[in-house]
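Topology and contacts: notes
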Amino acid sequence: MRVCSVLLMLFVPCTFGLNEQIEGPQSPAEQPQWLADIRGQRRSTLQQIGFKGGVFNIPEVVWTQTSYIQVQMHPYDRFFYNLKERRFTVDKYLRDVGERYGGLDSMLVWASYTNLGMDDRNQYDMMRALPGGLSALTNITSQLHSHGIRVLWPYNPWDQGTRDEGRSDEESLAMLLNLTGADGFNGDTMESIPQSFWQASVEESHPLALEPELGGDDDSLNWTTLGWGYWKYRHIPAVDRFKWLDARRLTHVCNRWAQDHTDDLQAAFFNGDGFVAWENVWGTWNELVPADAEATRRIGHMLRYFGPLGFLQSADWEPHSPSVIQSDDVFASMWPHGSERLWTLVNRGAQTAFGPQIAIEHPRDDWFYYDCYHGKPLSPQGGNGSVITLEFEIEALGYGCILATPNATLDSHPLPFTSHNTVDGNLTVFLREMEEMTAKPLSSFRRTWEYLPQEMVDIPATERVGVAPRGMVLVPGGSFHFQVKGVEIEGDDAHGVDVQFPWEAHPQREHDRLLDLSTFYIDKTPVTCSEFADFLQHSGYSPADGHNFLHNWPDWRSHTFPAGAANKPVTYVSLAEARLYCAWAGKRLPHSYEWQYAAQGNDSRLYPWGNELDPSKFPAQHSGRAAPGPDDVLAHSPAGDSPFGVADLVGNVWQFTDEFQDKHTRAVLVRGSSNYRPSGSKWYFPAALELNLHNKYFLMADSYERAATLGFRCVVDAL
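Residues numbered from 1 in each chain as written. Predicted model: local features only at pLDDT ≥ 70, side-chain atom pairs only at ≥ 80, totals over all residues. Heavy atoms only, no water.

Let's talk about the pattern of salt bridges
Taken as a whole and assessed by the stated rule, the structure comprises 34 salt bridges. Across the salt bridge formed by Glu-659 and Arg-666, the nearest N and O atoms sit 2.9 Å from each other. Accessibility classification places Glu-659 together with Arg-666 in one group, the buried group. It is possible to trace a salt-bridge network through shared partners that takes in Asp-125, Arg-128, Arg-163, Glu-165 and Arg-167. (Salt bridge = Lys/Arg side-chain N within 4 Å of Asp/Glu carboxyl O. Buried < 20%, exposed > 50% of the residue type's maximum accessible area, 1.4 Å probe, protein only.)

Below, the structure written as structure tokens:
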């Protein structure tokens, strides 16, 4: 048994999991002394940080105390944005999560990483690049607010290598979130968020909720109200250390790659905390299994009822309540509020707990008792005036919720946070809803996880030709051993990272297939500015959303590209615009394996010229805060050409190939890397200079996809 030291009256000796948790007592007999010790530790810690109540009662952030279910999502999710209709579909997204796990209280809208670093756009530029820009974000925020859902942005403090915003991050966030009406931000990779961010939001007259990804620290309790929790789990539930310091502080328990969230959900419910329902994990779909989704619905409904009533912010919260009888597997927190008492219970065992569960000493004669999980009244047993017991069932790995109240008539409870409450305040209604919701045990819902299948988008063949079109190179058909892997920073095959080619059972990072390829012609170089100007002139194309379209051209409307850029690859075009050009020219985009075959030949070389990295055969690489623009397409030809004589394949501009999609996400494989990657962080869009590597660029709309470093070349099918 591990005994926590209390000699210094500090939390650190008895915590684990990034110092965010306090271990529970090892036995019921230890609970009284354990509770006295951690109460003393709390007093000492609050005194040390000069805590005077923090900012919890600032009206603009009061909502954080009851924001129980948060989603981390990407605005390119196909349930959230409809490309064909060119509009955001907030209601569709909310309907889906509502049907599956009961809805949301807050949404973290993440548009930057993983595409951040493709070029020199900074994290704020990525938000501006969403279709419709900041005005669309303002509208989205308003729609979400109308559903009682608060909106957070991500803050990537490591983004110090892209375009300089011209003001501090504190000022930028405060201004942009105020402009769009958003409510706060999540501090990516941050253990704590400096007070300067809070102060900047106050000076902007728009106080923000600050949520550090890595939990927080003691001092920041004075100006933050939220945090994420990457927690560790043992059989005996740990106590949320920051909520113990002040019960108004809310942790969102986060475990992005878990395929079983039982530990996460039980920890959140035991502590009166929240949960991050994170399924679209950087474009990899890690869906909540039905059992976890249903558990989320149920605990969310209970938390949303009792949280706004004030129970779950009680300064007299008693974790590991000694009222619990079956202490080996069943654990409870007791939440006093006025004359009433609430218990949130979890069964950590593999067997259903039957019989007496709670013993209450010195009960009041006018109290009534309700099993709020099953939605039923309870009849106390005993009644000798000193101790009564309550009998109810808690299924294996399940939940319990008991209310002791003098309220026999079940009149409506007042709800102080009504502006963002989604649960009816009437106890009768709430109990009926819980009775209906829990009619089926959680064990009847599927717990096995399944991959979300992807499809490779078809690329229609061109008219076949027998002679190489101007500027194209013949690539003879034949057998090709296609071996490639994705360079995504996060994710693995067990979750379906990267893509799923038609011959594969599920998405995976590494791909290996012997292919029989037909003969085709491929552009010797990427499409140039001069060639794209011809397309504009003769096709009459004009974008519906011009954000970032040919951003480096002085005047694209008059087909004027930058001086000296005639033979440079065209950039700042979207996937759809690249396809339009190819179709106009009687061509198409290459499949990823066609691009690789044209670059590699049949000897599996790492670079078009061989297996040795030779900087003289591709453009110089840059890493300043501004992308320099590409070199001329033939600047390193013929020395850098492939065995088939194809030029400018690596190190100048990324190049579009195959699109993949599933129900939620669209992405395109980009090949060859570019001459620019921001410096200073491993989190920027990774390079893939070698021919056996590709990266995955997430798609949404033209405005979001256009980049300074992204071009394309075309192919034509041969007779």
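Here's the deal with the environment of Gly-711
Mapped onto the fold, Gly-711 is located in strand 32 (residues 710–711). For Gly-711 and Tyr-572, which are 139 residues apart along the polypeptide, the C-alpha to C-alpha distance reads 7.6 Å. Apart from the residues within four sequence positions on either side, Gly-711 is in contact with Val-570, Val-653, Trp-654, Gln-655 and Phe-656. (Helix = DSSP H or I, 4+ residues; strand = E, 2+ residues; numbered from the N terminus. Contact = heavy atoms within 4.5 Å.)

A short note on the pairing of strand 7 (residues 150–155)
Among the six residues in strand 7, six count as buried, and that is most of the element. Side chains Arg-150, Leu-152 and Pro-154 of strand 7 all project onto a buried face; the interleaved residues Val-151, Trp-153 and Tyr-155 project onto the opposite face, where all are buried too. Relative to strand 7, strand 6 (residues 106–109) runs parallel, the two sharing three bridges. Pairing of Met-107 across the sheet is with Val-151, part of strand 7. Here strand 7 pairs with strand 8 (residues 184–187) via four bridges, running parallel. When the bridges of strand 8 are listed, Trp-153 appears paired with Phe-185. Taking the sense of rotation as the criterion, the β-α-β connection linking strand 7, helix 5 (residues 169–180) and strand 8 turns out right-handed. (Pairing = 2+ DSSP bridges. Right-handed = clockwise from strand over helix to strand, strands pointing away.)

As for the sheet that holds strand 20 (residues 368–371)
Pairing is antiparallel across the open sheet formed by six strands, whose spatial order is 16-17-18-23-20-21. In the strand order of this sheet, the two ends are held by strand 16 (318–319) and strand 21 (376–378), each with one partner. As paired strands, strand 16 and strand 17 (residues 330–337) are joined by two bridges and run antiparallel to one another. Counted as the bridge partner of Pro-319 is Ser-333 from strand 17.

From the geometry alone we can't say anything about function, so treat these as descriptive.
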